[in-house]
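# Notes for the structure review
This is what each chain is made of:
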Amino acid sequence: MKLEGRTALVTGASSGLGAHFAQVLALQGAQVTCAARRVDRLKALVAGIGNGARALEMDVTRPDSVQAGFDQAYDIVVNNAGVTHDGRALEISEDDWNWVIDTDLNGVFRVAQAAGQALVSAGKGGTIINIASILGLRVAGNLSAYATAKAGVVQMTRSLALEWARHGIRVNAICPGYIETDINRAFFATEAGQALIKRVPQRRLGRMQDLDGPLLLLASDDGAFMTGTEIVVDGGHLVSSL
Ligand code: NAD
């Protein structure tokens, strides 16, 4: 077990990738704190995970909520909470724009900063894994706020890696392609969604398990010399033919 004796915190763990990441880390021996707003769902999750897993209420848009969650210095932090808004840039409201940026960009920074501060105070290193997206590296229509936030996360990852390497803190990102979860299920049921799958070189959506290898590489000592980088897991979507 690669993560025996390590503590981990996963944000947005109440569904989708976050719930999956929490299970994968726990299976490798980590004691996982599952953080999200929907504590009822977290309680069911941690009961299934066992191994000392605990549920923690955290809203990444609220600085006080994030700070309160870092009562300890986690060895591994998976910065996963995210939202999306589908709408044309000409029409998106300031509120919708701010909601996406505040969750997907500012929220990721709040959590990373709190994690970094706790680790530096404790005098130990750690690993932070930011869940960005292939939309942080390329664009698609009607997702301007999301793509902007995720591009910011990629660049933030590099900046924090540079500043915190001296503290033994590694900061990396995973850029998943399209993986079916609550965030996009409705879209993939539409004609446009089905057409999108045909443009992925591997002609399929990703499965949550496709992210397990990259997650464990970055979470464990196997990735000890990796920091400030992003791992793309997308079935070749970024290299689709022009
Ligand atoms: P999801 O909607 O199932 O999960 C997002 C989680 O974040 C939910 O549990 C939600 O409650 C939580 N969340 C939202 N706002 C929050 C807040 N203010 N505070 C705390 N938690 C909050 O979708 P998912 O696909 O599992 O997404 C997880 C991450 O992966 C997101 O950052 C998303 O952008 C990213 N991602 C997903 C895909 C994909 O295809 N599914 C692709 C690339 C990146």
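Just above sits the structure.
Since the structure is predicted, the reported quantities are computational estimates derived from the model, not experimental observations.

### Concerning the pairing of strand S4 (residues 76-79)
What you see with S4 is no split at all: Ile76 and Val78 on one side and Val77 and Asn79 on the other are buried throughout. Of the strand pairs in this sheet, strand S1 (residues 7-11) and S4 are connected by three bridges, and their pairing is parallel. Counted as the bridge partner of Ala8 is Ile76 from S4. Taken together, the four bridges between S4 and strand S5 (residues 126-131) define a ladder with parallel strand orientation. If you follow Asn79 over to S5, its bridge partner there is Asn130. At this point the chain moves from S4, through helix H4 (residues 94-122), to the parallel S5, and the crossover so formed is right-handed.

### Observations concerning the packing of aromatic side chains
Inspection of every chain in the model, using the stated rule, returns three aromatic pairs. Note on Tyr178 and Phe188: the rings are 5.5 Å apart at their centroids and 85° apart in plane angle, and the pair reads as edge-to-face. On the criterion of sequence distance, the pair formed by Tyr178 in the loop between strand S6 (169-176) and helix H6 (185-188) and Phe188 in helix H6 is long-range, its members being 10 residues apart. Three or more aromatic residues link up through ring pairs in this structure, and these residues are Tyr178, Phe187 and Phe188.

### A word on the packing of H4 against helix H5 (residues 144-164)
Two elements in contact, H4 and H5, have axes whose closest approach is 8 Å; the angle formed by their N-to-C orientations is 15°. On the basis of their axis angle, the class for H4 and H5 is roughly parallel. The handedness of the crossing between H4 and H5 is right-handed. Touching Trp97, Val100, Ile101, Asp104, Leu105, Val108, Phe109, Ala112, Gln113 and Gly116 of H4 are Ser144, Ala145, Tyr146, Thr148, Ala149, Lys150, Gly152, Val153, Met156, Leu160 and Trp164, all from H5.

### Brief notes about the sheet that holds strand S2 (residues 31-36)
Spatially, the seven strands line up as an open sheet ordered S3-S2-S1-S4-S5-S6-S7, and their pairing is parallel. Each having just a single partner strand, strand S3 (54-57) and strand S7 (230-233) make up the two edges of the open sheet. Taken pair by pair, the neighbouring strands of this sheet meet at an average axis angle of 20°, ignoring direction. Pairing of S1 with S2 involves five bridges; the strand directions are parallel. Bridging across to S2, Thr7 finds its partner in Gln31. Strand contacts of H4: S1, S4, S5 and S6, with the helix running at about 170° to S4, the strand carrying the most contacts.

### Thoughts on the environment of Leu3
Here Leu3 lies in the segment before S1. Taking the C-alpha atoms as reference points, Leu3 and Gln31, 28 residues apart in sequence, are found 8.7 Å from one another. With residues near it in sequence (within four places) discarded, Leu3 still touches Leu25, Gln28, Gly29, Ala30, Ile76, Leu216, Ala219 and Ser220.

### Describing the nonpolar core
Core analysis: the biggest nonpolar cluster contains 33 residues, and Leu25, Val32, Cys34 and Val78 have the highest contact counts within it. Going through the elements one at a time, S1, helix H1 (16-27), S2, helix H2 (39-49), S4, S5, helix H8 (212-219) and S7 are the ones with two or more residues in this core. The element that contributes the greatest number of residues to this core is H1, accounting for seven residues. Residues Leu9, Ala115, Leu119 and Val153 belong to the second largest nonpolar core, which totals 30 residues.

### Side note on the site of the ligand
Neighbouring residues of the ligand: 29 residues in total, closest Ser15, Leu17, Tyr146, Ile179 and Thr181. The separation between a nitrogen atom of the ligand and a polar main-chain atom of Val60 is 3.0 Å. In the environment of the ligand, an oxygen atom lies 2.5 Å from a nitrogen or oxygen atom belonging to the side chain of Thr181. The protein chains hide 95% of the 820 Å² of surface that the ligand would expose on its own. Looking at the shell around the ligand, the elements with two or more residues in it are H1 and H5.

### With respect to the pattern of salt bridges
With the rule as written, the count across this model stands at 10 salt bridges. For Asp221, the salt bridge is made with Arg6, and the minimal N-O distance between the two is 2.9 Å. Linking Asp221 in the loop between H8 and S7 with Arg6 in the segment before S1, this pair joins segments that are 215 residues apart in sequence. Looking at Asp221, the relative accessible area reads 52%, which means it is exposed. For Arg6, a relative accessible area of 22% corresponds to the partly exposed category. Ionic pairing is found between Arg62 and Asp64, a salt bridge with its closest N-O pair at 3.1 Å. Salt bridges linked by common partners bring Glu180, Asp182 and Arg185 together as one network.

The rules behind each value
Residues numbered from 1 in each chain as written. Predicted model: local features only at pLDDT ≥ 70, side-chain atom pairs only at ≥ 80, totals over all residues. Heavy atoms only, no water. Buried < 20%, exposed > 50% of the residue type's maximum accessible area, 1.4 Å probe, protein only. Helix = DSSP H or I, 4+ residues; strand = E, 2+ residues; numbered from the N terminus. Pairing = 2+ DSSP bridges. Right-handed = clockwise from strand over helix to strand, strands pointing away. Phe/Tyr/Trp six-rings, centres within 6.5 Å; stacked < 30°, edge-to-face > 60°. Axes fitted to C-alpha atoms, helices over the stretch in contact; angles between N-to-C directions. Parallel < 35°, antiparallel > 145°, perpendicular 65-115°, else oblique. Left-handed = near helix turned anticlockwise from the far one by under 90°. Contact = heavy atoms within 4.5 Å. Core = buried A, V, L, I, M, F, W, Y, C linked by side-chain atoms within 4.5 Å. Near = heavy atom within 4 Å. Polar contact = N/O pair within 3.5 Å; in protein donor to acceptor, adjacent residues only side chain to side chain. Areas by Shrake-Rupley, 256 points an atom, 1.4 Å probe, with all protein chains shown as cover. Salt bridge = Lys/Arg side-chain N within 4 Å of Asp/Glu carboxyl O.

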